[in-house]
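# Structure at a glance
Single-letter residue listing:
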Amino acid sequence: MPDLTVSPEEASRICMKECRAMCCRGPIILRLDPDEVTGFYRLAADLGTEARINRTADGGGNVLFLDQERECCPMLDTATSGCRIYDRRPRVCREFPRKREPGCPLSEHITPEPEPGQTP
Ligand code: SF4
Ligand code: SF4
């Protein structure tokens, strides 16, 4: 999770209620690191769903949301807009957003970078 000016609870509210998890739906590709692919398959199976992953040359994988059964991340709870594997979500999910992003209300609450010469 990036450094935010809001509490984790408020961040969850923004993602689930205000945004409705728009980065977990639609024409987006979730990039998996090589050491995340097997676990992602297993976690999906544990949830009774299927993850369709396109393997990449480096051993990682791409999850194209529009190719999935519900046209969203297979880990998304579409009723609540919550992530069903939140504590084990992939690295790119944990690190997003890193900067202001269009269409991402949470990114408006990223702790500003210190000015040059300013002590963080
Ligand atoms: S990180 Fe941004 S785009 Fe993703 S669910 Fe939260 S507010 Fe929405
Ligand atoms: S793993 Fe969770 S946080 Fe990441 S895209 Fe899927 S539903 Fe969203």
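Anything mentioned here points back to the structure above.
The text that follows walks through the structure, step by step, so that each part is easy to find. Quick caveat: nothing in here was measured; it's all calculated off a predicted structure. In this numbering scheme, every chain counts its residues from 1 along its sequence in written order. Going through the entries in the order they are written, you letter the chains from A and number the ligands from 1. Predicted model: local features are reported for residues with pLDDT of at least 70 only, side-chain atom pairs are reported and counted for 80 or more only, and whole-chain, interface and lining totals are derived from all residues.

This next bit is on the site of ligand 2. Each residue receives a C-beta atom placed from its backbone. It is near a molecule or strand if this atom lies within 6 Å of it. If you check the shell around ligand 2, you find Cys 24, Leu 30, Cys 73, Met 75, Leu 76, Cys 83, Ile 85, Arg 89, Pro 90 and Cys 93 and nothing else. Its residues placed into classes, the shell around ligand 2 shows 9 nonpolar, no polar and 1 charged. Gly falls in the polar group here, along with every residue not listed as nonpolar (Ala, Val, Leu, Ile, Met, Phe, Trp, Tyr, Cys, Pro) or charged (Asp, Glu, Lys, Arg).

Moving on: the site of ligand 1. As a structural note, the neighbourhood of ligand 1 is formed by Ile 14, Cys 15, Cys 19, Ala 21, Met 22, Cys 23, Phe 96, Pro 97, Cys 104, Pro 105, Leu 106 and Ser 107. The class makeup of the residues in the shell around ligand 1 is 11 nonpolar, 1 polar and no charged.

Further remarks concern the sheet that holds strand β2 (residues 54-55). Read across the open sheet, the 3 strands follow the order β1-β3-β2; overall the sheet is antiparallel. Every other strand in the sheet has two partners, leaving β1 (29-32) and β2 as the edge strands with one partner each. When DSSP finds two or more bridges between a pair of strands, those strands are recorded as paired. Numbering of helices and strands runs from the N terminus; a helix is a DSSP stretch of H or I covering at least four residues, while a strand is a stretch of E covering at least two. In the sheet, β1 pairs with strand β3 (residues 61-64) via 4 bridges, with the strands oriented antiparallel. By the bridge assignment, Ile 29 is partnered in β3 with Leu 64.

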